[in-house]
Amino acid sequence: TIDATGGTTIVVSSGANAACDAALVDRALAHAGGPGIVLLQHEIPEAANLHAAQAAQQAGWFVVLNPAPARPIPPALLRHVALVIPNETEAAAITGRPVASRDDALAAAHALLALGVPAALITLGGDGALYCDASAAWHCPALPVQAIDTAAAGGRFMGAFGAALAAGRAM
């Protein structure tokens, strides 16, 4: 939807996502032909995410969490996630730190690592993304584009990122 200033707002109707449970996760993993990449987000129940992360990690999958919509990430879930990919708003909400610059993003990434995740990739809109793990941190600039509508840009990023990882591309 569009707000009074012309900005995009997101409406979530949980529907089928709210019905996701361990049995559905197990069926999906069994038929996926993996191991490969599992992309998780916060639009399914927390228990389903935890079960998916545990089962996928144990089966050799690379587990990525996009914590959208923003909410605290249970430590039990982080133990099974290889990479967390929040945007600036989500990173700020999860870490309690404002993210208004690359330096802020780096501090938030370090805070995420301190929570137990091995690596963080914070998307920064038109400023690209910042990656951080225990041994390195670097900024990847965004490609210059004329943005028409940024609705679902995070989802598109996650899909392209997951496909690149699945194709064997390096971080």
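Refer to the structure presented above.
Residues numbered from 1 in each chain as written. Predicted model: local features only at pLDDT ≥ 70, side-chain atom pairs only at ≥ 80, totals over all residues. Heavy atoms only, no water.

## Looking at the packing of aromatic side chains
Tallying each qualifying case throughout the model produces 2 aromatic pairs. Geometrically, the ring pair formed by Phe-157 and Phe-161 is stacked, given 5.8 Å between the ring centres and 15° between the ring planes. Highlighted residues: Phe-157 and Phe-161, both in helix α7 (residues 153-166), separated by 4 residues, approximately one helical turn. (Phe/Tyr/Trp six-rings, centres within 6.5 Å; stacked < 30°, edge-to-face > 60°. Helix = DSSP H or I, 4+ residues; strand = E, 2+ residues; numbered from the N terminus.)

## A closer look at the pairing of strand β5 (residues 129-133)
Each regular strand carries side chains that alternate between the two faces of the sheet. A large share of β5 lies buried, amounting to 5 of its 5 residues. Where strand β4 (residues 119-123) and β5 come together, 5 bridges link them in antiparallel fashion. Considered in β5, the bridge of Thr-123 is made with Ala-129. Hairpin geometry of β4 and β5 is characterised by an intervening segment of 5 residues between the two adjacent antiparallel strands and by a positive phi of about 60° at Gly-125. Direction of pairing for β5 relative to strand β6 (residues 137-140): antiparallel, over a ladder of 4 bridges. By the bridge assignment for β6, Leu-130 is matched with His-139. Connecting β5 to the next strand, β6, in antiparallel fashion are 3 residues. (Buried < 20%, exposed > 50% of the residue type's maximum accessible area, 1.4 Å probe, protein only. Pairing = 2+ DSSP bridges.)

The analysis is restricted to geometry; functional conclusions fall outside its scope.
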